[in-house]
Amino acid sequence: LNPTWKDGDGGEIVLWPFLSKSTKVSPLHRRAVLFYSDRVLHRVLPSKKRRVCFTIWSPGTNVNSKRDVALSKDVLQFTSYDQAVQFFSQSPLQRVISRAVYSEEYLESLLECIEGTRGVDGEDAASESVSSAEKERVVKQHNASVMSIVSKLRPLIDEFRRRKECIAHANN
């Protein structure tokens, strides 16, 4: 859909498989990106040029049953952090944990989303600029959500954050 896209135009999708190296995928012409959005943290980077994308959300009848998304003591019984990583990397609950583990990246993406597409190709977006009060509300809501998760699962979140940093440093 973007035959003239080139490096530097922006609009790439970034995929973060749980506690794995992130992958940036360029919006190239004739490229499709398929992934489980409930199991892979993802975001689209801001575009500097107008680009086109086509998104399909495919709901399924056997997706995210109550047991799949129950954050309970029955589900969260691990004998090691490695076992916990394995569980969360294959569970829709990863989406909940990722908000705490990747809290900085998640917040950055939220703030970029509410800013909209201002300035793409030198044009102003139809929407007005987001107020600082709205940004503050988003930040407070995000922080409250993260703190709720961290307060219940602090040792697990701290270990996952440590592992995330190790992965990031290994890639630099």
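Please read all numbers here as calculations on a predicted model, not as lab measurements.

Asker: Run through the sheet that holds strand β1 (residues 13-17), naming residues and quoting values.
Answerer: If you trace the 3 strands from one edge of the open sheet to the other, you get β2-β1-β3, paired in antiparallel fashion. Two strands close off the open sheet at either side, each with one partner strand: β2 (23-25) and β3 (40-44). Sheet twist, expressed as the mean angle between neighbouring strand axes with direction ignored, is 20°. Of the pairings in the sheet, the one linking β1 to β2 comprises 3 bridges and is antiparallel in character. The partner of Leu 15 across the bridge, within β2, is Thr 23. Taken strand by strand, helix α3 (residues 103-115) contacts β1 and β3, and its axis lies near 35° from that of β3.

Asker: Outline a nonpolar patch on the surface, supporting the account with residue identities and numerical values.
Answerer: Together, Leu 1, Val 52, Phe 54 and Ile 56 give the surface a local cluster of nonpolar side chains, amounting to about 460 Å² of exposed area. With respect to the secondary-structure elements, Val 52 resides in the loop between β3 and α1 (81-89).

Asker: Give me the pattern of salt bridges: which residues, what numbers.
Answerer: Within this structure, the stated rule accounts for 10 salt bridges. Residues Glu 108 and Arg 43 are paired through a salt bridge, measuring 3.4 Å at the closest nitrogen-oxygen approach. In this pair, Glu 108 is assigned in helix α3 and Arg 43 in strand β3, connecting sequence segments 65 residues apart. The exposure class of Arg 43 is buried, given its relative accessible area of 6%.

Asker: Just give me the short version of the packing of α3 against helix α4 (residues 132-170), but keep the residues and values in it.
Answerer: A packed helix pair is summarised by two numbers, namely the angle formed by the two axes and the spacing between the axes. For the pair α3 and α4, interaxial distance at closest approach is 9 Å and the crossing angle is 155°. If you check the angle between α3 and α4, you find them roughly antiparallel. For the crossing formed where α3 meets α4, the hand is right-handed. Of α4, the residues touching α3 (which contributes Ser 103, Glu 105, Tyr 106, Leu 107, Leu 110, Leu 111, Ile 114 and Glu 115) are Lys 135, Val 138, Val 139, His 142, Val 146, Arg 161 and Lys 164. Grouping the amino acids of the contact of α3 with α4 by side-chain chemistry returns 8 nonpolar, 2 polar and 5 charged.

Quick notes on the rules
Residues numbered from 1 in each chain as written. Predicted model: local features only at pLDDT ≥ 70, side-chain atom pairs only at ≥ 80, totals over all residues. Heavy atoms only, no water. Pairing = 2+ DSSP bridges. Helix = DSSP H or I, 4+ residues; strand = E, 2+ residues; numbered from the N terminus. Axes fitted to C-alpha atoms, helices over the stretch in contact; angles between N-to-C directions. Contact = heavy atoms within 4.5 Å. Patch = residues over 30% accessible without salt bridge, like charges linked within 9 Å, V, L, I, M, F, W, Y side chains within 5 Å. Areas by Shrake-Rupley, 256 points an atom, 1.4 Å probe, with all protein chains shown as cover. Salt bridge = Lys/Arg side-chain N within 4 Å of Asp/Glu carboxyl O. Buried < 20%, exposed > 50% of the residue type's maximum accessible area, 1.4 Å probe, protein only. Parallel < 35°, antiparallel > 145°, perpendicular 65-115°, else oblique. Left-handed = near helix turned anticlockwise from the far one by under 90°. Nonpolar A, V, L, I, M, F, W, Y, C, P; charged D, E, K, R; others polar.

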